[in-house]
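Overview (structure and organization)
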Amino acid sequence: MSCAVTGRRVLCPTGTGDDAPEFTGQAELGYTHLSGNTNNETLIAKGRFTWLTGRWTHNLRGETRKVEENDDTSAEQYLIAGRERYELDGPHYLFGFARWEKDRFSGYDYQLTTIAGYGRQLLNGPIHTLSVEAGPGYRRDALEEGENKDLAVGYGAFDYLWAFSDSSNFQQEFSVEGTHENVTTRAFSALTTQLNASLALRISYELKNNSDPPPRPATSIPTVLPPPRCSTAGSPTRFSQ
């Protein structure tokens, strides 16, 4: 299990209320080392920045993960993403995001995705919060064998938060991106307990599935996901594209 420390409380706003902060940031660093019959090292680094300008919410995000077993790399992943959200009247909003990701053992050299669409805030707290969104998009799949594929994408997602006490909450995110070749699903579950104004304990689990991935090179090793971890956070992050 790995732990991370952030310098300030994270409040990722879902609206443009007077109490929403104009700028927030989060940094997370996790590291594990297991030795014995086998040596295993896992490194996780994440960063996220969110700021408000009028009805707009801007978000930038970066992640990297690396796992080594007996000095052989079994997982190496990178992700950079940007997201925009524009609040309409009532519980409605428009959104758009772009995401670049590279997974060394996925069969892709990289994937670039852009999506835009409409969202609605179905529940807005204080105990239960639920947002849903959907829209069309475009994805470029650059395969390791050299071929590039340009695909139309249909996207749908929801984000649910249950604040079951003053200091604890449960969050569940789920998204689907479908093309004529495959369907990619992503899920994120987190249980967070606020320790003080700037420090929280989080146990989380992330899952990504591709229904029909490209063939992997013969030298590829199946990706080993890092174990659930605890990390610091304030209010949970919204829609992790």
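Everything numeric here is computed off the predicted structure, so don't read it as measured data.

Low pLDDT means the predicted atomic positions in that stretch should not be read closely. In this model, the protein chain carries an average pLDDT of 82, and 81% of its residues clear a pLDDT of 70 or more. Within the model, pLDDT remains below 50 along residues 1-17, and this stretch shows 60 contacts once partners closer than five positions in the same chain are excluded. Taken as a whole, residues 220-237 scores under 50 in pLDDT and shows 76 contacts with residues more than four places along the chain or in a different chain.

With respect to the helices and strands, the residue R61 is situated in strand β3 (residues 56-69). Judged by relative accessible area, which is 9%, R61 ranks as buried. Looking at R61, its side chain comes within polar contact range of the side chain of E63, at 2.8 Å.

Take the packing of aromatic side chains next. A full pass over the atoms with the stated rule returns seven aromatic pairs. Plain terms: the ring middles of F95 and Y155 are 5.8 Å apart, the flat faces sit at 55° to each other, and that makes the pair tilted. On the criterion of sequence distance, the pair formed by F95 in strand β5 (residues 92-103) and Y155 in strand β8 (residues 148-162) is long-range, its members being 60 residues apart. In this structure F95 comes out as buried when scored by relative accessible area, which is 5%. For Y155, a relative accessible area of 6% translates into the label buried. Aromatic pair F97 and Y155: ring centres 5.4 Å apart, planes at 70°, arrangement edge-to-face. In this pair, F97 is assigned in strand β5 and Y155 in strand β8, connecting sequence segments 58 residues apart. A residue is classified by how much of its surface remains accessible, and F97, at 5% relative accessible area, is buried. Taken together, the ring pairs in this structure connect F95, F97 and Y155 into an aromatic cluster. Here R85 stacks its cationic end above the ring of Y93, 3.6 Å away from the centre of that ring.

Scoring rules and cut-offs
Residues numbered from 1 in each chain as written. Predicted model: local features only at pLDDT ≥ 70, side-chain atom pairs only at ≥ 80, totals over all residues. Heavy atoms only, no water. pLDDT = per-residue confidence, 0-100. Contact = heavy atoms within 4.5 Å. Helix = DSSP H or I, 4+ residues; strand = E, 2+ residues; numbered from the N terminus. Buried < 20%, exposed > 50% of the residue type's maximum accessible area, 1.4 Å probe, protein only. Polar contact = N/O pair within 3.5 Å; in protein donor to acceptor, adjacent residues only side chain to side chain. Phe/Tyr/Trp six-rings, centres within 6.5 Å; stacked < 30°, edge-to-face > 60°. Lys NZ or Arg CZ within 6 Å of the ring centre and 35° of its normal.

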